[in-house]
Amino acid sequence: MKATFHGHAVVSLETEDGTKLLFDPFINGNEACNLNVDTVEADYIFVTHAHSDHLGDTVEIAKRTKAKVITTVEIASYLSSFDLETHGMQPGGSHTFDFGEVKLTPAIHGSSIEIDGKPHTLGVASGILVTADAKTVYHVGDTALYSDMKLIGDLVDIDLAFIPIGDNYTMGPEDASLAAKWLQAKRVVPIHYNVLPLTEQDPENYIKMLDKDVGFVPEIGESFAV
């Protein structure tokens, strides 16, 4: 399996059989992103929560690619109104798909969308664990640091974790360094920084807080083996 970071919280995975997984596809309006809504490929789309910088361009991409959207039940119900194929889950639940297993984890964060100028809450935020090709990738989602990350790290052998460091809306670098330690991920990529106001961070400084050879900052659009 290979992974690619596309800026902010946009991540893609491609399994050995060519299945394409796309996470939190905030592309239009994301100056850091290298993808194009009209050409990006996806067989499955994952959405951690309903905020516009994560739900992003899900509707447009799923309509064009016929990708199935995997997310919380509430967001899945909302997206079904656009005639998209969805699979709703909740934190703590897991399900086996053709490409592998997916499990949602808690995330301490909001999950709302603006409809007709008014905010509407769509369930809770989540993190997403994907196990495929005998590898496990954890998109932590937008979250604060919380002690159950220790439990997740003890129970799950995580090969790669995408961890937010932007602060203000999510963990900052100090808390995110503790999250990396608790999760015991073999490798860590920082996400959710330098795109939104109030999230300015130097990712290389974050890498220095981690154990040697654990953290790294890939180039936007650079694919690497999990």
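None of these values were measured; they are calculated from a predicted model.

Colleague: Now, about the packing of aromatic side chains: what can you tell me, with residues and values included?
Modeller: Under the counting rule described, the total for this entry stands at 7 aromatic pairs. With a centroid separation of 6.1 Å and 70 degrees between ring planes, the pair formed by Y44 and F97 is classed as edge-to-face. One end of the pair, Y44, is in strand β4 (residues 44-46); the other, F97, is in the loop between β7 (94-96) and β8 (101-106), and 53 residues separate them in sequence. Grouping residues by exposure puts Y44 and F97 together as buried. Linked through ring pairs, F23, Y44, F46, F97 and F99 together constitute an aromatic cluster.

Colleague: A description of the UniProt feature "domain: Metallo-beta-lactamase" (unreviewed entry) in the protein chain should follow, citing residues and the corresponding values.
Modeller: As recorded in UniProt, the feature "domain: Metallo-beta-lactamase" (unreviewed entry) lies at residues 7-192. End C-alpha atoms of residues 7-192 are separated by 8 Å, and the span's content is 21% helix alongside 32% strand.

Colleague: If you had to explain the sheet that holds strand β13 (residues 160-164) to someone new, which residues and values would you point to?
Modeller: Whether parallel or antiparallel, the strands of a sheet pair through hydrogen bonds between backbone atoms. Within the open sheet, the 6 strands sit side by side as β7-β8-β11-β12-β13-β14. Their pairing is mixed. A single partner strand is all that each edge strand has here, and the edge strands are β7 and β14 (187-191). Put simply, the sheet's adjacent strands are angled 15 degrees from each other on average, direction ignored. In this sheet, strand β11 (residues 126-132) lies alongside β8 in antiparallel orientation, the contact comprising 6 bridges. Opposite P106, over in β11, you have S126 as the bridge partner. Relative to β13, helix α5 (residues 173-183) is tilted by about 155 degrees, and along the sheet it contacts β12 (135-139), β13 and β14.

Colleague: Report on helix α2 (residues 58-65), specifying residues and quantitative values.
Modeller: Here α2 has its buried residues at T58, V59, I61 and A62. On its buried face, α2 sits against β3 (20-23), β4, α1 (52-55), β5 (68-72) and α3 (73-80).

Colleague: How would you explain the pairing of β5 if you had to name every residue and give the values?
Modeller: Along any regular strand, the residues point their side chains to alternate faces of the sheet. Where burial is concerned, most of β5 is hidden: 4 out of the 5 residues are buried. As paired strands, β4 and β5 are joined by 3 bridges and run parallel to one another. Counted as the bridge partner of Y44 is K68 from β5. Of the pairings in the sheet, the one linking β5 to strand β6 (residues 86-89) comprises 4 bridges and is parallel in character. In the strand pairing of β6, T71 is matched with G88. Following the backbone out of β5, through α3 and into the adjacent parallel β6, one traces a crossover that is right-handed.

Colleague: So what's going on with the sheet that holds strand β15 (residues 223-225)? Which residues, and what values?
Modeller: Spatially, β6-β5-β4-β3-β2-β1-β15 is the arrangement adopted by the 7 strands of the open sheet, whose pairing is mixed. This sheet does not close on itself; its edge strands, each paired only once, are β6 and β15. Geometrically, the sheet is characterised by an average inter-axis angle of 20 degrees between neighbouring strands, direction not taken into account. As defined by bridge partners, β3 adjoins β4 across 3 bridges and the pair is classed as parallel. Across the sheet, residue F23 finds its bridge partner in β4, namely F46. Contacting β3, β4 and β5, α2 runs over the sheet at an angle of about 165 degrees to β4. The sheet contacts of α3 involve β5 and β6, and relative to β5 the element is tilted by about 140 degrees.

Colleague: Mind laying out a negative patch on the surface, listing which residues take part and the relevant values?
Modeller: A surface patch of negative charge is lined by E16, D17, D43 and D98. Its place among the elements puts E16 in the loop between β2 (11-14) and β3.

Each value, and the rule that gives it
- Residues numbered from 1 in each chain as written.
- Predicted model: local features only at pLDDT ≥ 70, side-chain atom pairs only at ≥ 80, totals over all residues.
- Heavy atoms only, no water.
- Phe/Tyr/Trp six-rings, centres within 6.5 Å; stacked < 30°, edge-to-face > 60°.
- Helix = DSSP H or I, 4+ residues; strand = E, 2+ residues; numbered from the N terminus.
- Buried < 20%, exposed > 50% of the residue type's maximum accessible area, 1.4 Å probe, protein only.
- UniProt positions renumbered as here; feature names shortened; annotations may be inferred.
- Pairing = 2+ DSSP bridges.
- Axes fitted to C-alpha atoms, helices over the stretch in contact; angles between N-to-C directions.
- Contact = heavy atoms within 4.5 Å.
- Right-handed = clockwise from strand over helix to strand, strands pointing away.
- Patch = residues over 30% accessible without salt bridge, like charges linked within 9 Å, V, L, I, M, F, W, Y side chains within 5 Å.
- Areas by Shrake-Rupley, 256 points an atom, 1.4 Å probe, with all protein chains shown as cover.
- Salt bridge = Lys/Arg side-chain N within 4 Å of Asp/Glu carboxyl O.
- Lys, Arg positive; Asp, Glu negative; His and termini not counted.
- Charge placed at Lys NZ, Arg CZ, Asp CG, Glu CD.

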